[in-house]
Amino acid sequence: MTQVFRNFIAGDFVTPAKAAPNLNPSNTGEVVGEYAQGSADDLKAAVAAAKEAFPAWSRSNPQLRYDVLMKASNEVMARKEELGALLSREEGKTLPEGIGEVARAGQILSFFAAEVLRLNGELVTSVRPGVGIEITREAVGVVGIITPWNFPIAIPAWKIAPALAYGNTVVIKPADLVPGSAWALVDILNRAGLPRGVLNIVMGRGSVVGQAMLEHPDVAAISFTGSVSTGRRVASACVASTPMKKVQLEMGGKNPLVVLDDADLTTAVECAANGAFFSTGQRCTASSRLIVTEGIHDRFVDALTERMKGLVVDDAMKAGTHIGPVVDESQLGQDEKYIAIGREEGAKLHWGGERLNRDNPGFYLQPALFTEVKNSMRIAQEEIFGPVAAVVRAKNYDEALAIANDTEFGLSSGICTTSLKYASHFKRNAEAGMVMVNLPTAGVDYHVPFGGRKGSSYGPREQGAYAREFYTTVKTAYTLA
């Protein structure tokens, strides 16, 4: 009998009225587990528990918070193969990618454990004689967290860990499509010693649980990662609520990788293949636009095509698989829709783009490469979120930079070049929150800020010490001596 994973509210597991199957996209005949479908009342109960727990947790001894986060980190790292397998089974990342993501979650937890002990303030001299000024940071309150399906444990970790480290209480709603990894993380953290109500998980539909979270007056802040359209609705709801909620949004990307004539061809091809196709292209930092200058264009396309032909698309759990399945039928349909749109717009489907059959029924798609793409085409402007890359030809560096910046998004941007001059100029002038030189646009460290510009991000950065900007509020206190 398939196990039913229940919501965790106020320190107890709550038996759901209904549950939904979590399917393996590598083998749709396998049910990973049955996960609760929460209600608006479940969300309200979780918020009430978090509100009740907040005063004590926000003023708790830093050693307690450190110990909880470190204990959780140690368990995550000790179980990374097991948890990586769970992640790969529910989301479709290859097993090495799944294990790597779990390890990253463990590293995030340990980083923010140390952040607890780095909390500090300022003493400032007043312009008025005899007056002292203290500037401190305090927790904001109950934080609502809404996470996406493409990084089922890393993104929950990089939101939950700083929230707890800085003294907030949390209600998380993970992606309905892949709730298993987030559930496991919450279970680990609670068993690590969190008081009742500090961390709650309510799984279910965004239209039900997510909406109730946005409308609840006792939720002080919302951290959301997902689509641009949903992000806009989240922001509007947070501003319209009484009292207004603090909001942090991470949304889409249409990330360029510029390849100049002087680039090392092998490096450029590896950057493009990794950034565009690994993790099935289901990364907001994926290199979906490959902007290549005239002198290297044809050699680059030929070499990348050969690299693509060697990529193995198969069951995420199989040894030797480079690319797992698309996460579900809906996303596979979206990928195929954009492949058809590219052809209709006049781009050339140079290689790939076919639905594949494997030993087990699953959502397998051959990575696709388009050439002769104009940057105005939809496949070069709209986020596809699949293993589909568009090659845009540029005359020179200046035109390549202009094309790279010609997008409503601004998350990650990359360049392959051996020129210090062009690398330095690109780092300064790329309109993105993160810039990569001779590296894939996807793949970032856990201890530095993550986020973008324009339509990609809104609000303070995530990750690293910069996370405190969202998860704390600044207080200035004056004292007459």
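Coordinates for the structure precede this section.
These numbers come from a predicted model, not from an experiment.

Colleague: In this structure, what is going on with the pairing of strand β5 (residues 27–36)? I would like to understand it.
Modeller: For a regular strand, side-chain orientation follows a simple rule: the groups alternate between the two sheet faces. When strand β1 (residues 4–5) meets β5, the two strands line up parallel, connected through 2 bridges. Within β5, the position partnered with Val4 by the bridge is Glu34. The pairing of strand β4 (residues 19–24) with β5 spans 6 bridges and is antiparallel. Residue pairing across strands places Ala20 opposite Tyr35, the latter belonging to β5. What sits between the antiparallel neighbours β4 and β5 is a turn of 2 residues.

Colleague: Please clarify how the sheet that holds strand β15 (residues 348–351) should be interpreted in this entry.
Modeller: Strands in a sheet are paired, the pairing made by backbone hydrogen bonds, and the direction either parallel or antiparallel. If you walk across this open sheet you meet the 7 strands as β15-β18-β19-β14-β13-β21-β22, and the pairing is mixed. In this open sheet, the two edge strands, each paired with only one partner strand, are β15 and β22 (434–437). Across the sheet, the axes of successive neighbouring strands diverge by a mean angle of 25 degrees, strand direction being ignored. The pairing of β15 with strand β18 (residues 368–373) spans 3 bridges and is classified as antiparallel. Looking across to β18, one finds that Lys348 is bridged to Thr371. Seen against the sheet, helix α10 (residues 294–309) touches β13 (256–259), β14 (289–293), β15, β18 and β19 (388–394) and runs at an angle of roughly 140 degrees to β14.

Colleague: How do you make sense of the packing of helix α2 (residues 62–78) against helix α3 (residues 80–91) when you look at a structure like this?
Modeller: The relative placement of two packed helices comes down to the angle between their axes together with the axis-to-axis distance. Two elements in contact, α2 and α3, have axes separated by 5 Å at closest approach and are oriented at 75 degrees. Relative to α3, α2 is oriented roughly perpendicular. Mapping the contact onto sequence places Val76, Met77 and Ala78 in α2 and Lys80, Glu81 and Leu83 in α3. Looking at side-chain class alone, the contact of α2 with α3 contains 4 nonpolar, no polar and 2 charged residues.

Colleague: Could you clarify how one ought to interpret unusual backbone geometry in this entry?
Modeller: Note on backbone geometry: most residues besides glycine have negative phi, and most peptide bonds are trans. The residue after Thr242, namely Pro243, is reached through a cis peptide bond having omega -5 degrees. Not every positive phi belongs to a glycine, and Phe385 is a case in point at roughly 70 degrees. Here Phe385 shows up in the loop between α12 (378–381) and β19. The exposure class assigned to Phe385 is buried, which follows from its relative accessible area of 16%. Backbone geometry places Lys454, a non-glycine residue, at a positive phi of 55 degrees. Of note, Lys454 is situated in strand β23 (residues 453–454). Relative accessible area serves as the criterion here: at 36%, Lys454 is assigned to the partly exposed category.

Cut-offs applied
- Within each chain, residue numbers correspond to sequence positions counted from 1 in written order.
- Local features in this predicted model are restricted to residues of pLDDT 70 or higher, and side-chain atom pairs are both shown and tallied only at a pLDDT of 80 or more, whereas totals for entire chains, interfaces and linings draw on every residue.
- Computation of side-chain values: all heavy atoms of the structure, hydrogens and water removed.
- A pair of strands is labelled paired if DSSP reports no fewer than 2 bridges between them.
- Only runs of H or I of at least four residues qualify as helices and only runs of E of at least two qualify as strands under DSSP, and these elements are numbered from the N terminus.
- Only the contacting stretch of a helix is used when fitting its axis, a line to C-alpha atoms as for every element, and angles between N-to-C directions run 0 to 180 degrees.
- Whether two residues touch is decided by their heavy atoms; if any such pair falls within 4.5 Å, the residues are in contact.
- Reported orientations rely on four angle classes, namely roughly parallel under 35 degrees, roughly antiparallel over 145, roughly perpendicular from 65 to 115, and oblique for the rest.
- Each residue receives one of three labels: charged for Asp, Glu, Lys and Arg, nonpolar for Ala, Val, Leu, Ile, Met, Phe, Trp, Tyr, Cys and Pro, and polar for the others, Gly being one of them.
- Burial classification: accessible surface area is computed with a 1.4 Å probe over protein chains only, and a residue below 20% of its type maximum counts as buried, one above 50% as exposed, and the rest as partly exposed.

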